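Breakdown of the fold
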Amino acid sequence: MRNPQLNANGELHHLLSLDGLPRAIIERILTTADSFINIAAREVKNVPLLRGSAVFNLFFENSTRTRTTFEIAARRLSADVFNLDITRSSTTKGESLLDTINNLTAMQADMFVVRHATSGAPYLIAKHVAPHVHVINAGDGRHAHPTQGLLDMYTIRHYKRDFTNLTVAIVGDILHSRVARSDIHALTTLGVPEVRAVGPLTLLPAGLPEMGVQVCTRLEEGIKDADVIIMLRLQNERMRGALLPSAQEFFRNYGLTPEKLRLAKPDAIVMHPGPMNRGVEIDSHVADGAQSVILPQVTFGIAVRMAVLSIAASSQRMQ
Amino acid sequence: MRNPQLNANGELHHLLSLDGLPRAIIERILTTADSFINIAAREVKNVPLLRGSAVFNLFFENSTRTRTTFEIAARRLSADVFNLDITRSSTTKGESLLDTINNLTAMQADMFVVRHATSGAPYLIAKHVAPHVHVINAGDGRHAHPTQGLLDMYTIRHYKRDFTNLTVAIVGDILHSRVARSDIHALTTLGVPEVRAVGPLTLLPAGLPEMGVQVCTRLEEGIKDADVIIMLRLQNERMRGALLPSAQEFFRNYGLTPEKLRLAKPDAIVMHPGPMNRGVEIDSHVADGAQSVILPQVTFGIAVRMAVLSIAASSQRMQ
Amino acid sequence: MRNPQLNANGELHHLLSLDGLPRAIIERILTTADSFINIAAREVKNVPLLRGSAVFNLFFENSTRTRTTFEIAARRLSADVFNLDITRSSTTKGESLLDTINNLTAMQADMFVVRHATSGAPYLIAKHVAPHVHVINAGDGRHAHPTQGLLDMYTIRHYKRDFTNLTVAIVGDILHSRVARSDIHALTTLGVPEVRAVGPLTLLPAGLPEMGVQVCTRLEEGIKDADVIIMLRLQNERMRGALLPSAQEFFRNYGLTPEKLRLAKPDAIVMHPGPMNRGVEIDSHVADGAQSVILPQVTFGIAVRMAVLSIAASSQRMQ
């Protein structure tokens, strides 16, 4: 079966997941993002690559931050961006997801940026849209958050240059994290020799070894000599649940403090997809410290999303 | 009394209702919409007709879909569009509707697109705005939804060319439908010889014969040999009320199925204003079938709204 | 300590309060606003002064009206404006205000327009943003609403030309009004010889005489021979509280009626920041009367906000 993200020429048509995305496409996105980083330094940051295109932000799940970064990226590319307040719309009148999508497509949408609580929803949409329409997954359930994964790769490449000699530790609630899943697929595709998943057993999914990931239940072991540490947000609802004793105990065991960070390589970088729970998964001295690249991640995220939107949009014309 | 929608030269200044709107104006809107349909096929879809104009979307009642089509239409015309989240605004602080309108006018609004739960609210607003300001009714109570009526006319003309030899059946909850009311006014104005209202007695308003409409309580009779069938949405709240026994029974009696559709002319088209209740007023095989023009209606709706906005805006300069 | 609103050259970098803002800067804002009033009369109202700049509207407290005027002002200056639905965003996920600001800054924001329920929040933000970022206070708690104060000064100058021979009465709930506080600072800075605060003792704050303000508990005395009367909104929640007997009694004692207005100078103007409570602090005959300049205030507000945004933005390049 053809990868549903690629067109007949093997070009990126939708971005749904980093699972199975060819290395050459990931690298092209990162290289294209480089050029947009330079544009951002100019006084006029807009380029006309998507002029005349209608990009619809369809956030079935709220995320002001991610929605805003996509809106910024699309407007920098001169697209017409429409934010749909979908939580108040016809879906609440009982219309089906596909009827909603068909209707918006009939409004001459060229691209949908979709955030949905249900894993796989962007696939369903991509399967049904007209051939010229593109779908970008902005996070679906626990499944994938591919643009976050790509901006994480951009960040790592920016600071570490070469992926093929790195040790990367992903720490925290791996089980519920679409970011972790996307990062793991990208890291292994890009040839990172050692990827570690670090967390309590209750927050580690099955199947990690099969994905080429080492499992560590102790933080100290997990980040030892690491080049890159990706801290995950601990969802508040997990802290109240049966999976964890308490936020305090989680911090004691898995919170990244300056002392623990010393176990990693001296030039290790610390990443976090945000929003942070200071004092839960990360200590403020680390979050604001010299090794933190958490805010550069956000800036790189705009350029990476510009790259994804413009590459996907250009595929259509060649199809 | 002068028609409050027209200026002293008889030109369209506001669009409030299709009731009493001269045939020449309706036809001019449809013809103008034709030219915008062609523009939509270009890569750059924007035209500068409303450049520098401020269009305010005032949706006192939520409708993501209608609001978005107006926003797309206005931005295609290069207007500056402002979406006011009016349900959260000063109206909740006790300010009167007219004070709100006066304030927004003082912000140099050129056009208001108004959706309101109260019939007649757009008339009240049109009566009080400054002479250069235009008001477009985007649906008021059970009264009127004139742009939906116009896009329905555009759709019929697109597929049937001539109005003067058609039989049009409007099916479902006529009583609560502003769409039905606007369609009936437009159809009779455009010379459709046979307009039928089809539904249970509890959902048929009084006064239909006086409007030149035939009343049918049986679907089979109502759609027999029809050229055009307009299915109406059955509001969920009606299904729970005393007016209807159940959604199942409504579907059995008035739901449009492929079998029943065969009673209409072989080339009959099926329309629906959306959002659809599949399995209540319409069977999925009809909704997605070859005779359905439901999605083209949405596309035509953008062009029709562009026509309405640009024609209303141009009236002012001649006044 | 340096005024936190000014850069090292004494230029306006942030607008946080009118308290301590030099007279020359206030006058420059008013003069700059003049030039934008003329632009608003043109068919194309946009100027390219902020082209390429990203202005983020951060309204932690809802205010559709103020948000819209800032959005209009920024878009007239050709900025890219992003409205953040902050009440639904990560702040509700427990992220700190400064982490939110840092993140948005990393999205390459150039300017934040901030409304916050907590007095001083814009100061905190201004203290922490990167040197090239500007913060505009759009109302913080009971503390300040500087752009409202400036548009009030613009209005007074428009109708009265010279500040140095005026009597200005501010009437109503001075205690809870950030507008009153900003007006008082601006009026005294601009050399108004007589500023009066008029209201019941329960709604008058301490310290008014030290600010150079005369206190009057009787409306008749307070507006006698006044050139300018600024009526304040009585918040609905005050009417139910212990501070006031009832809305009716407030109107009887402090509501501005045509009869009472005759006590002021014959050419006195009546102002109100909106939204009005007709029949509570102001009679409709006054609100809609010949001496009311309430709607011009709104129009001037756009030009004044354009002036503030463009002046603040230009400071950076010289820094």
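Here, the structure is the one placed above.
The structure reproduced in this document is the subject of the present report. Each chain carries its own residue numbering, running from 1 in the direction its sequence is written. Written order decides the labels, with chains lettered from A and ligands numbered from 1. Side-chain atom pairs in this predicted model are given and counted only at pLDDT of 80 or more, local residue features only at pLDDT of at least 70, and totals for whole chains, interfaces and linings cover all residues.

**With respect to the overall build of chain A**
Quick note on the threshold: Think of it this way: any DSSP run of H or I at least four residues long counts as a helix, any run of E at least two long counts as a strand, and we number them from the N terminus. The globule rule is 2.2 Å times the number of residues to the power 0.38, and the radius of gyration it is compared with is taken over C-alpha atoms. Once C-beta atoms are placed from the backbone, each residue is buried if 20 or more other C-beta atoms lie within 10 Å of its own, exposed if 12 or fewer, and partly exposed for counts between those two. Think of it this way: build a C-beta for each residue from its backbone, and any pair within 7 Å is a contact.
The secondary structure content of chain A amounts to twelve helices and nine strands. Rg of the C-alpha trace for chain A: 19 Å, near the compact-globule value of 20 Å for 319 residues, within the 12% margin. By principal-axis analysis of the C-alpha atoms, chain A measures approximately 55 × 45 × 40 Å. Taken over 319 residues, chain A has a buried fraction of 54%. Put simply, of all contacts in chain A between residues at least 6 apart along the chain, 76% involve residues at least 24 apart.

**With respect to the relation of the copies chain C and chain A**
The condition that has to hold: Residues reaching a pLDDT of at least 70 in both copies supply the C-alpha atoms on which the copies are superposed by least squares.
Mapping chain C onto chain A calls for a screw motion: a turn of 120° about the axis and a shift of 0.0 Å along it, with 0.0 Å RMSD after fitting. Here the two chains are linked by the operation of a three-fold rotation axis.

**What about the interface of chain B and chain C?**
Opposite the 19 residues of chain B that make contact, chain C presents 21 residues. Within the residue set of the side of chain B that touches chain C, elements represented by two or more residues are strand E2 (80-84) and helix H3 (97-106) of chain B. Looking at the side of chain B that touches chain C, the element that brings in the most residues is H3 of chain B, giving four residues.

**Some details on the packing of helix H5 (residues 146-160) of chain A against helix H6 (residues 178-189) of chain A**
Residues and elements named next belong to chain A. Here is the rule: All axes are obtained by fitting lines to C-alpha atoms, using only the stretch in contact for helices, and the reported angles, taken between N-to-C directions, cover 0 to 180 degrees. For classification purposes, angles smaller than 35 degrees are called roughly parallel, those larger than 145 roughly antiparallel, those between 65 and 115 roughly perpendicular, and all remaining angles oblique. By the definition used in this description, the sense in which the near helix is turned from the far one sets the handedness, with an anticlockwise turn below a right angle giving left-handed and a clockwise turn giving right-handed. Amino acid classes used here: Ala, Val, Leu, Ile, Met, Phe, Trp, Tyr, Cys and Pro are nonpolar; Asp, Glu, Lys and Arg are charged; the rest, including Gly, are polar.
In contact at an axis separation of 8 Å, H5 and H6 are set at 50° when each is read in the N-to-C sense. Considered as vectors, H5 and H6 are oriented oblique to each other. Note on packing geometry: the crossing formed by H5 with H6 is right-handed. Residues Pro146, Gln148, Gly149, Leu150, Asp152 and Met153 of H5 pack against Val179, Ser182, Asp183, His185 and Ala186 of H6. Among the residues forming the contact of H5 with H6, the class breakdown is five nonpolar, four polar and two charged.

**As for the interface of chain C and chain A**
Taken together, the contacts link 19 residues of chain C with 22 residues of chain A. Within the residue set of the side of chain C that touches chain A, elements represented by two or more residues are strand E2 (80-84) and helix H3 (97-106) of chain C. The element contributing the most residues to the side of chain C that touches chain A is H3 of chain C, with four residues.

**Remarks on the pairing of strand E4 (residues 134-140) of chain B**
Residues and elements named next belong to chain B. The condition is simple: Pairing between strands requires that DSSP locate at least two bridges from one strand to the other.
Taking burial as the measure, the seven residues of E4 include seven buried ones, the bulk of the element. Alignment of strand E3 (residues 111-116) against E4, held across five bridges, turns out to be parallel. Considered in E4, the bridge of His116 is made with Asp140.

**Overview of the sheet that holds strand E4 (residues 134-140) of chain A**
Residues and elements named next belong to chain A. Within the open sheet, the four strands sit side by side as E2-E1-E3-E4. Their pairing is parallel. Across the chains shown, the open sheet's two edge strands, defined by having one partner strand only, are strand E2 (80-84) and E4. Across this sheet, the average inter-strand angle for adjacent strands is 15°, counted without regard to direction. Pairing analysis gives five bridges linking strand E1 (residues 54-59) to strand E3 (residues 111-116), with the strands arranged parallel. Looking across to E3, one finds that Val55 is bridged to Met111.

**Quick look at the sheet that holds E4 of chain B**
All names here are of chain B. In spatial order, the strands read E2-E1-E3-E4; together these four strands make up an open sheet with parallel pairing. The two strands at the open ends of the sheet, each matched to only one other strand, are E2 and E4. Pairs of neighbouring strands in the sheet enclose a mean axial angle of 15°, with direction left out of account. Sheet topology note: the strand E1 (residues 54-59)/E2 ladder contains five bridges and is parallel. Counted as the bridge partner of Asn57 is Asn83 from E2.

**Some points on the packing of helix H1 (residues 23-40) of chain A against H5 of chain A**
Residues and elements named next belong to chain A. For the pair H1 and H5, interaxial distance at closest approach is 10 Å and the crossing angle is 65°. Compared by their axis directions, H1 and H5 come out roughly perpendicular. The chirality of how H1 crosses H5 is right-handed. Contacts between H1 and H5 involve Ile26, Ile29, Leu30 and Ala33 from the former and Leu150, Met153, Tyr154 and Arg157 from the latter.

**Observations regarding the nonpolar core**
Formally: In this description, a nonpolar core means buried residues of the types Ala, Val, Leu, Ile, Met, Phe, Trp, Tyr and Cys, linked to one another by C-beta atoms lying within 7 Å.
Val171 and Ile229 of chain A, Val171 and Ile229 of chain B together with Val171 and Ile229 of chain C are the most contacted members of the largest nonpolar core, which totals 308 residues. Contacts of Val171 of chain A, omitting those with residues within four sequence positions, involve Val198, Gly199, Leu219, Gly222, Ile223, Ile229, Ile230, Met231, Leu232, Tyr254 and Leu256 of chain A.

**Let's talk about the environment of Val171 of chain A**
Checked against the element boundaries, Val171 of chain A lands in strand E5 (residues 167-171). Sequence-wise, Val171 of chain A and Val81 of chain A are 90 residues apart; in three dimensions their C-alpha atoms are separated by 35 Å.

**Digging into unusual backbone geometry**
Going from Gly274 of chain A to Pro275 of chain A, the amide bond is cis rather than trans, its omega being -15°. The backbone of Gln108 of chain B sits at a positive phi, close to 70°, despite the residue not being glycine. On the neighbour-count criterion, Gln108 of chain B (18 C-beta atoms within 10 Å) is partly exposed. The phi torsion at Arg161 of chain C lies on the positive side, around 65°, for a residue other than glycine.

**Here we look at the pairing of E1 of chain B**
All names here are of chain B. The condition is simple: Crossovers are described as right-handed under a simple rule: with the strands pointing away from the observer, the path leading from the first strand over the helix to the second runs clockwise.
Across the six residues that make up E1, a large majority, six, are buried. Burial along E1 is two-sided: the residues Ala54, Phe56 and Leu58 and Val55, Asn57 and Phe59 are all buried. Between the parallel elements E1 and E2, the chain passes through helix H2 (residues 64-76) in a crossover that is right-handed.

**Notes on the environment of Gly207 of chain A**
All names here are of chain A. Inspection of the secondary structure assignment puts Gly207 in the loop between strand E6 (194-198) and strand E7 (213-216). On the neighbour-count criterion, Gly207 (8 C-beta atoms within 10 Å) is exposed. Along the backbone, Gly207 and Leu309 are 102 residues apart, and their C-alpha atoms lie at a distance of 32 Å.

**A look at helix H2 (residues 64-76) of chain A**
All names here are of chain A. Defined as follows: Here, expected helix span is obtained from the residue count minus one, scaled by 1.5 Å.
For H2, built from 13 residues, the straight-helix expectation of 18 Å at 1.5 Å per residue is met to within 8% by its first-to-last C-alpha distance of 18 Å. Of all the 13 residues making up H2, 13 are buried; the element is thus mostly covered by neighbouring parts of the structure. One or two positions beyond H2, positive phi appears at Ser78, with a value near 70°.

**Brief notes about the environment of Gly212 of chain C**
Residues and elements named next belong to chain C. Along the polypeptide, Gly212 turns up in the loop between strand E6 (194-198) and strand E7 (213-216). Distance from Gly212 to Glu194, taken between C-alpha atoms, is 8.2 Å for residues 18 residues apart in sequence. Those residues in contact with Gly212 that lie beyond four places of it in its chain are Thr188 and Val195.

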